[in-house]
Amino acid sequence: MTGPPPQIARARTAVRAALLQRLTDLADRTDHALHGDQADASARIIVGLSGGADSTALLATTVWCARKLGLSTHAVIIDHGLADDSASVAERARTTAERVGADQVTVRRVQVDRDAPGGVEQRARTARLDALDEIADASGALAVLLGHTLDDQAEQVLLGLARGSGARSLAGIPRERGRILRPFLGTGRDETTGLWRKDTRAICDQLDLDIWDDPMNEDQDLLRVAVRTAALPQLQEVLGEHVTSALVRTADLLRDDADVLDDLAAEEFTAARRHPSAEDPDGTVLALSATALAPLARALRTRVLKLAAAEAARLGGHPSDKSILRRQVLAADSLLSAYRGQGPIPLPGRIDVHRSNGAILFVTTHPAATQRRPS
Ligand SMILES: Nc1ncnc2c1ncn2[C@@H]1O[C@H](COP(=O)(O)OP(=O)(O)OP(=O)(O)O)[C@@H](O)[C@H]1O
């Protein structure tokens, strides 16, 4: 007896591993005993289906694996309403989902404002993830699976390098965040545990599945398209075919480093934080001990400062979606590493950072909070 083609076998291993890991994590957290390999038969796995090759291959594989594990599969197709034919594309995906045997199929229309400032692509993504989240909440889904591939990962790392990003950003797209899982990114142990775009296409060919190539992919996210169609192929020509695998490996190595550094920084942040003082009973001024932070390595100091800035913005009611620029972090860090009476240093989220009496103070400049600002 011959087994399935290698791409299908690899996809099954990847999806099964991701689902089992999720079930184990949930069982550890809730102390629910798993009955061998089997879980609650009504437990749902949502698959985000665009109708493209990646998510179609993911759905077909998930239906197969979920049945073996006693789980049910719910395909969710988000219609962003951005193209004239978006409803018929969604219906086409619904037909495919029914054909591969999804237990439930939902098409959800979302509103995406085409004319608002900022990228329409980003707004569509946010609306899509919000809708998936809402549907997952409503059905109590155990996991939401997305079809990102190793090619997406390599592109993400290259885009990060082009921006001069640090370890967290070069760690790329996470395999798992809460209930969101991306099984085709593999386990991280080596790239052969994941799937490339050519593999998902091969799976759809082998299973004779109808797939839809999004024409908007070509003009929406221009930088990403340039990386996909020009930069990466050229890099492969000059440096060798292996370059995409190498970029994926870089993401895996840096994710390990970033995880350790972020954990350490969170511990240092907690240890350096001073409790609300008499002058600031509401705790809207966030204070850190400068003496505790100064001896730390810069990689830790800057992470602690970023954590503090995010927390201060939250306390002040101005969580910022702008990330802090490197030069802003270094300016704040100079209050620790090269203090000569400088400051205040402005940061996103309407924060000013001062040094005073052996403390680094993050003060929100929101009018309601300014009244409580220390002198
Ligand atoms: N219209 C859609 N409906 C449901 N799921 C979708 C839709 N579009 C994309 N997805 C899911 O998201 C995955 C990634 O798609 P794509 O690469 O187009 O998104 P992206 O915008 O890069 O996503 P991300 O922001 O997560 O990186 C798909 O494989 C699929 O699982």
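A brief report on the enclosed structure follows. (Residues numbered from 1 in each chain as written. Predicted model: local features only at pLDDT ≥ 70, side-chain atom pairs only at ≥ 80, totals over all residues. Heavy atoms only, no water.)

**Focus on the overall build of the chain**
We apply this condition: What counts as a helix is a DSSP run of H or I of at least four residues, what counts as a strand is a run of E of at least two, and both are numbered from the N terminus. Any two residues whose heavy atoms approach within 4.5 Å at even a single point are treated as in contact. A 1.4 Å probe and the Shrake-Rupley method give the accessible areas. Residues count as covered only by the protein chains that appear here.
Looking only at helices and strands, the chain has 13 helices and 11 strands in total. Long-range contacts, defined here as pairs at least 24 residues apart, represent 69% of the contacts in the chain between residues at least 6 apart. Per element, the accessible surface of the chain, about 19500 Å² overall, is 52% carbon and sulfur.

**Let's talk about helix 3 (residues 86-100)**
To keep it simple, the criterion reads: A helix is expected to span 1.5 Å multiplied by its residue count minus one. Think of it in three bands: residues with accessible area under 20% of the maximum for their type are buried, residues over 50% are exposed, and the middle band is partly exposed, with areas taken using a 1.4 Å probe on protein chains only. Directions are taken from the helix axis to each C-beta atom, and the arc is the one they span.
Relative to the 21 Å expected for 15 residues at 1.5 Å per residue, helix 3 spans 21 Å between its end C-alpha atoms, a close match to the ideal helical length. Taken residue by residue, helix 3 has Ser-86, Val-89, Ala-90, Ala-93, Thr-96, Ala-97 and Val-100 as its buried positions. For helix 3, the angular spread of the buried residues around the axis is 115°, confining them to a single face. Against helix 2 (53-69), strand 2 (72-79) and strand 3 (104-109) lie the buried residues of helix 3. The positive-phi residue at the C-terminal boundary of helix 3 is Gly-101, with phi of around 95°.

**Structural notes on the pattern of salt bridges**
Put simply, the rule is: Salt bridges are identified by distance alone: a Lys or Arg side-chain nitrogen within 4 Å of an Asp or Glu carboxyl oxygen.
Evaluated as defined, the whole model comprises 21 salt bridges. The partner of Arg-109 in a salt bridge is Asp-79, and the shortest N-O contact between them spans 3.5 Å. Separated by 30 residues along the polypeptide, Arg-109 in strand 3 and Asp-79 in strand 2 bring together distant segments of the chain. When salt bridges that share partners are traced, they join Asp-152, Glu-155, Arg-197, Arg-224 and Arg-228 into one network.

**Topic: the side chain of Arg-175**
Stated precisely, the cut-off is as follows: Under the rule applied, a polar contact is a pair of N or O atoms within 3.5 Å (in protein, one hydrogen donor and one hydrogen acceptor; residues adjacent in sequence only if both atoms are side-chain atoms).
Its place among the elements puts Arg-175 in the loop between helix 6 (167-170) and strand 5 (176-177). In terms of polar contacts, Arg-175 uses its side chain to reach the backbone carbonyl oxygen of Leu-185, at 3.0 Å. Beyond its immediate stretch of four places on either side in the chain, Arg-175 contacts Ile-180, Leu-181, Arg-182, Leu-185, Gly-186, Thr-187, Gly-188, Asp-252 and Arg-255.

**Overview of the nonpolar core**
To keep things clear, this is the line we draw: Joining through side-chain atoms within 4.5 Å is the link that ties buried Ala, Val, Leu, Ile, Met, Phe, Trp, Tyr and Cys residues into a set, and such a set is a nonpolar core.
In this structure, Leu-59, Leu-71 and Leu-145 are the most contacted members of the largest nonpolar core, which totals 40 residues. When residues of this core are traced back to their parent elements, those giving at least two are helix 1 (6-30), strand 1 (44-48), helix 2, strand 2, helix 3, strand 4 (143-145) and helix 7 (197-206). Among the elements that line this core, the one with the most residues is helix 2, at nine residues. By size, the runner-up hydrophobic cluster in this structure holds 24 residues, among which are Leu-286, Val-304, Ala-332 and Ile-360.

**Digging into the sheet that holds strand 3**
For clarity, the cut-off: Two strands qualify as a pair provided DSSP detects at least 2 bridges between them. Axis definition: a line fitted to C-alpha atoms, limited for helices to the stretch in contact. Angles are taken between N-to-C directions and run from 0 to 180 degrees.
Spatially, 3-2-1-4-6-5 is the arrangement adopted by the six strands of the open sheet, whose pairing is mixed. The sheet terminates laterally at strand 3 and strand 5, the two strands that pair on one side only. The sheet contact formed by strand 4 and strand 6 (residues 180-181) spans two bridges and is parallel. Note that in strand 6 the partner of Val-144 across the bridge is Ile-180. Packing of helix 1 onto the sheet brings it into contact with strand 1, strand 4, strand 5 and strand 6, and relative to strand 4 it is tilted by some 160°.

**A few points about the site of the ligand**
Selection criterion: The rule for a residue being near a molecule or strand is that one of its heavy atoms must lie within 4 Å of it.
Close to the ligand lie 14 residues; Gly-48, Ile-78, Arg-125, Arg-128 and His-148 are nearest. A distance of 2.6 Å separates an oxygen atom of the ligand from a polar atom in the backbone of Gly-48. Side-chain polar atom of Arg-128 to an oxygen atom of the ligand: 2.9 Å apart, as the coordinates give it. When the free accessible area of the ligand is taken as 620 Å², the share hidden by the protein chains comes to 83%. Those elements that provide at least two residues to the shell around the ligand are strand 2 and helix 4 (120-139). By residue number, the principal contributor to the shell around the ligand is strand 2, which donates three residues.

**Looking at the packing of aromatic side chains**
Aromatic ring pairs are reported here in terms of the distance separating the ring centres and the angle at which the planes meet. Quick reminder of the rule: Centre distance within 6.5 Å is the pairing criterion for rings of Phe, Tyr and Trp, where only the six-membered ring of Trp is used; planes under 30 degrees apart are then read as stacked, over 60 as edge-to-face, and the remainder as tilted. Working rule: Lys NZ or Arg CZ, within 6 Å of ring centre, within 35 degrees of ring normal, means a charge sits over the ring.
Taken as a whole and assessed by the stated rule, the structure comprises zero aromatic pairs. Here the guanidinium or amino end of Arg-12 rests over the ring plane of Trp-64, the centre of that ring lying 3.7 Å away.

**A few points about helix 2**
The terminal C-alpha atoms of helix 2, which comprises 17 residues, lie 24 Å apart, in line with the 24 Å expected from a rise of 1.5 Å per residue. Where burial is concerned, most of helix 2 is hidden: 14 out of the 17 residues are buried. In the segment just after helix 2, Gly-70 is the residue with positive phi, at about 75°.

**With respect to the packing of helix 5 (residues 150-163) against helix 9 (residues 243-272)**
Counted only if it meets this: Each angle gets one of four labels, with under 35 degrees taken as roughly parallel, over 145 as roughly antiparallel, 65 to 115 as roughly perpendicular, and the rest as oblique. Gly counts as polar in this scheme, as do all residues outside two lists: the nonpolar Ala, Val, Leu, Ile, Met, Phe, Trp, Tyr, Cys and Pro, and the charged Asp, Glu, Lys and Arg.
The interhelical angle for the contact between helix 5 and helix 9, taken along N-to-C directions, is 75°, at an axis separation of 8 Å. What the angle tells us is that helix 5 and helix 9 run roughly perpendicular. Contacts from Leu-150, Gln-153, Ala-154, Val-157, Leu-158 and Leu-161 of helix 5 reach helix 9 at Thr-244, Leu-247, Val-248, Thr-250, Ala-251 and Arg-255. In terms of residue class, the contact of helix 5 with helix 9 is built from eight nonpolar, three polar and one charged.

As far as function goes, none of this settles anything; it's purely spatial.
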